[in-house]
Amino acid sequence: MEKIASFTVNHLDLLTGVYVSRKDYVGKEVLTTFDLRMTRPNVEPVMDTAAIHALEHLCATFLRNDLEWKERVIYFGPMGCRTGCYLILAGDLKAQDILELLKKMFQFVIEFTGEIPGASAKDCGNYLDMNLSMAQYYARKYIQEVLEQIGEERMNYPKN
């Protein structure tokens, strides 16, 4: 059986960053999957489930309400390894194309107050497992460590 592409990325040298994970075609439409790597694999602790769950709810809500991008949003959700999230957008895109969107999205998380959207028994299958303050910590960390000073080494996967 062939190894899937995401398992061929050298996670030993992978930094936090914004990477194009893959490009898929649905008819003539290109879907770009972004790897939003928020903690360094096998170096930093992974994000706890309550924080990443809150990030998922807040970021997905932001993206699906953003006037410029909402029609292109296919999916936002956590990686199974809990070191980041995937964002799938319609279009043939590069990391540079979404940096401002990501800054706005994570700033939204940092500034968010109140009830997390969809955090009720009626709306979510695990609504009690949310941690807004830790989600805000990770959003702040990502802006400071990645988005404010991003270079090519944080937008191109390391060579194997």
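Just above, that's the structure.
Note on numbering: residues in each chain are counted from 1, in written sequence order. Residue-level local features of this predicted model are given only where pLDDT is at least 70; pairs of side-chain atoms are given and counted only at 80 or more, and the full residue set underlies all totals for whole chains, interfaces and linings. Hydrogens are left out, water is left out, and the side-chain values use all remaining heavy atoms of the structure.

## Overview of the pairing of strand E3 (residues 73-78)
Both E3 and strand E4 (residues 84-90) contribute to a ladder of 5 bridges, which runs antiparallel. The partner of Tyr 75 across the bridge, within E4, is Ile 88. The criterion for strand pairing is that DSSP finds at least two bridges linking the strands in question. Helix and strand assignments follow DSSP, with helices taken as H or I runs no shorter than four residues and strands as E runs no shorter than two, numbered in order from the N terminus. Between E3 and E4, which pair antiparallel in sequence order, lie 5 residues; one of them, Arg 82, sits at a positive phi of approximately 65°.

## Some words on the pattern of salt bridges
The working definition used for a salt bridge is a side-chain nitrogen of Lys or Arg within 4 Å of a carboxyl oxygen of Asp or Glu. Counted by the stated rule, this structure contains 8 salt bridges. For Asp 92, the salt bridge goes to Lys 23, with nearest N and O atoms at 2.4 Å. Of the two residues, Asp 92 is situated in the loop between E4 and helix H2 (99-111) and Lys 23 in strand E1 (residues 17-26); the sequence distance between them amounts to 69 residues. For every residue, the accessible area (1.4 Å probe, protein chains only) is compared with the maximum for its type, and the residue is labelled buried under 20%, exposed over 50%, or partly exposed between those bounds. Among the residues examined, Asp 92 registers a relative accessible area of 51% and is labelled exposed. On the basis of relative accessibility, which here comes to 33%, the residue Lys 23 falls in the partly exposed class. In this structure, Lys 141 engages Glu 145 in a salt bridge whose closest nitrogen and oxygen atoms are separated by 3.1 Å. Here the residue Lys 141 and the residue Glu 145 both occupy positions in helix H3 (residues 132-145), the gap between them amounting to 4 residues, near one helical turn. By relative accessible area, which is 9% here, Lys 141 ends up buried.

## Examining the layout of surface pockets
When its volume is computed, the largest pocket comes out at roughly 220 Å³. Looking at the lining of the largest pocket residue by residue, the classes come out as 8 nonpolar, 6 polar and 2 charged. A cavity here means a set of points on a 1 Å grid, drawn over the protein atoms and nothing else, where a 1.4 Å probe fits but cannot get out; a pocket is an open set with protein on both sides within 12 Å along at least five of seven lines, and a residue lines either one if it has an atom within 4 Å of a point. Grid points are joined across faces, edges and corners, and a volume is the space filled by probe spheres set on the points. Following the grouping adopted for this structure description, the nonpolar residues are Ala, Val, Leu, Ile, Met, Phe, Trp, Tyr, Cys and Pro, the charged ones are Asp, Glu, Lys and Arg, and the polar ones are all others, Gly among them.

## Considering the environment of Arg 37
As for its position among the elements, Arg 37 is in strand E2 (residues 29-37). According to the relative accessible area criterion, Arg 37 is buried, its value standing at 3%. Non-local contacts of Arg 37, meaning those with residues more than four positions away in its chain, are made with His 11, Leu 14, Leu 15, Thr 16, Gly 17, Tyr 19, Met 79, Cys 81, Thr 83, Gly 84 and Tyr 142. The definition of a polar contact used here is a pair of N or O atoms within 3.5 Å, where within protein one atom must be able to donate a hydrogen and the other to accept one, and adjacent residues in sequence count solely through side-chain atom pairs. At a separation of 2.8 Å, a polar atom in the side chain of Arg 37 contacts the side chain of Thr 83. Throughout, a residue-residue contact means that at least one pair of heavy atoms, one from each residue, lies within 4.5 Å.

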